[in-house]
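Topology and contacts: notes
Here are the chains, one letter per residue:
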Amino acid sequence: MKLLVTGGSGFIGSNFIRHVLTTHPDDRVVNLDKLTYAGNPANLADLERDPRYTFVQGDVCDGKIVRDACRGVDAIVNFAAESHVDRSLMEPDAFLKTDVFGVFTLLEAVRELKIARLLHISTDEVYGSVERGSSRESDPVRPSNPYSASKAGGDLLALAYWHTHRVPVVITRSSNNFGPYQYPEKVIPLFVTNALDDQPLPLYGDGRNVRDWLYVLDNCAGIDLVLRKGADGEVYNIGGGHEVENVVLTRQILQLTGRPETLIRPVKDRPGHDRRYSVDSKKVHQLGWTPRHRFGDALRATVEWYKGHEAWWRPLKSGEFRAYYERQYGL
Ligand code: NAD
Ligand code: TYD
């Protein structure tokens, strides 16, 4: 297959491109990425000279750029998004543009050029907070912050294009990912790198919010399976099956980095902070997917990766990030 991967220079997209070119050595990948603050060519430096890989810098909201990038492509996998909840509370504009209008632009290109498949990457956050039980694909979306509302908008538009025009879309909604190459604004890389620098770990509210953690390579395998075996017009949840309170996760990170619990700094809660996410992943299990990595082992491997890749994350924590961090945390 020849794939167009959008947002491939970010966290999950870069892991996915590497996964595809490793497990399907005859595939080719075009990566269309705008290179926002979260897009980093260093994430794919090892593939720069690989003849199967092509990089195009551009915006998914630009119809011409998208149509040009689609030339000869069998399928599109859309990772391009603004992805951080806290930033969506400060500056939502870019979220609406990329996470809604970007999806619209891709849908129009798929419709016009008759591309055989668009796999749109979404999130468990579109279901909103679930106090009990787990969200199923048939549940209504109830997003509660500008990030998840924008993602839900993209999902609904994609499903509407399937319903009305039979544009062949399929959607995955995964739980929280972690692993190598994650931008250090998200909780795990932020806490790991702060701990390594003996800096405080800013824990929101009472620290009892629950997230279901999924190792990024397990998500990549699930996405790849849905891409090749999923049914048009369907949504597939991909959950890690490891739900944990933030405070417990924070203590685990401190243990793995050999730092004291006095580094935990309780800070003001995120406005509208969703208490818990949990997805029912039976449908993707029936397709043949199951997470292969145990949470404890994957978290240890992730901490080791950040320990061994200071040259990757140190530059990211200066400049733009510094200004964001001060504005967000006042620390
Ligand atoms: P990320 O922020 O690390 O990467 C996003 C990438 O998209 C970056 O490379 C960025 O440059 C690119 N991008 C942004 N706007 C663009 C535009 N207009 N045109 C082209 N490229 C653009 O995000 P991530 O964590 O890798 O998430 C990827 C996808 O997975 C997103 O759609 C996100 O909603 C979804 N998701 C993420 C998680 C998670 O835990 N990280 C969980 C579930 C779903
Ligand atoms: P995050 O990684 O931002 O992912 P999401 O909000 O998309 O789930 O946050 C994961 C959890 O960690 C969430 O409950 C918020 C919490 N959190 C903190 O307590 N402190 C922080 O500095 C950050 C970034 C997140």
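Residues numbered from 1 in each chain as written. Chains lettered and ligands numbered in written order. Predicted model: local features only at pLDDT ≥ 70, side-chain atom pairs only at ≥ 80, totals over all residues. Heavy atoms only, no water.

Regarding the domain arrangement of the protein chain
The cut-off we apply is this: Where each domain starts and ends comes from a domain assignment, either automatic or drawn from a database. The contact definition used throughout considers only heavy atoms, calling two residues in contact when any of these lie within 4.5 Å. Two parts placed together each lose some accessible area under a 1.4 Å probe, and the buried area is that loss summed for both.
Partitioning the protein chain into structural domains gives domain 1 (2-177 + 214-238) and domain 2 (186-211 + 243-272 + 296-329). Using C-alpha coordinates to define each centre, domain 1 is positioned 26 Å away from domain 2. Contacts between domain 1 and domain 2 engage 14 residues on the former and 15 residues on the latter. Buried surface at the junction of domain 1 and domain 2, both sides included, amounts to about 1400 Å², of which 48% is carbon and sulfur.

Digging into the site of ligand 2
For the record, the criterion: One heavy atom within 4 Å of a molecule or strand makes the whole residue count as near it. Two N or O atoms form a polar contact when they lie within 3.5 Å of each other; inside protein one atom must be a possible hydrogen donor and the other a possible acceptor, and for residues adjacent in sequence the pair counts only when both atoms belong to side chains. With residues, only the protein chains shown are counted as cover, and all accessible areas are computed by Shrake-Rupley using a 1.4 Å probe. Helix and strand assignments come from DSSP, with helices taken as H or I runs of at least 4 residues and strands as E runs of at least 2, each series counted from the N terminus.
Close contacts around ligand 2 come from 19 residues, with E125, R211, R270, H273 and Y329 the closest. Within the contact set of ligand 2, an oxygen atom lies 2.7 Å away from a side-chain nitrogen or oxygen of R211. In the complex, the protein chains occlude 97% of the 520 Å² of accessible area that ligand 2 would expose alone. Of all the secondary structure elements, the ones that give two or more residues to the shell around ligand 2 are α3 (85-90), α6 (187-196) and β8 (201-204). Lining the shell around ligand 2 are residues from two domains, each supplying at least three of them: domain 1 (2-177 + 214-238) and domain 2 (186-211 + 243-272 + 296-329).

Observations concerning the packing of α6 against helix α8 (residues 246-257)
Packed helices, taken two at a time, are described by the angle their axes make and the gap between the axes. Definition in use: Convention adopted: a line fitted to C-alpha atoms gives each axis, helices being fitted over their contacting stretch, and angles between N-to-C directions are expressed from 0 to 180 degrees. Should an angle fall under 35 degrees it is taken as roughly parallel, and over 145 as roughly antiparallel, whereas 65 to 115 is taken as roughly perpendicular and any remaining angle as oblique. Should the near helix be turned anticlockwise from the far one by less than a right angle, the crossing is left-handed, and should it be turned clockwise, the crossing is right-handed. Under the grouping applied here, Gly and all other residues not named as nonpolar or charged are polar, the nonpolar ones being Ala, Val, Leu, Ile, Met, Phe, Trp, Tyr, Cys and Pro and the charged ones Asp, Glu, Lys and Arg.
Relative orientation of the contacting elements α6 and α8 amounts to 40 degrees, with a least axis distance of 10 Å. Between α6 and α8, the crossing angle belongs to the class labelled oblique. The handedness of the crossing between α6 and α8 is right-handed. Of the residues in α8, those touching α6 at V187, I188, F191, V192, A195 and L196 are L249, T250, I253, L254 and T257. Split by residue class, the contact of α6 with α8 holds nine nonpolar, two polar and no charged.

Let's talk about the site of ligand 1
Taken together, 28 residues lie around ligand 1, and I12, D33, S83, Y147 and K151 are the ones closest in. Between an oxygen atom of ligand 1 and a main-chain N or O atom of N177, the distance comes to 2.8 Å. For ligand 1, whose accessible area on its own is 830 Å², the fraction buried by protein is 97%. No other element matches strand β5 (residues 117-123), which puts three residues into the shell around ligand 1. Tallied by class, residues from the shell around ligand 1 come to 10 nonpolar, 14 polar and four charged.

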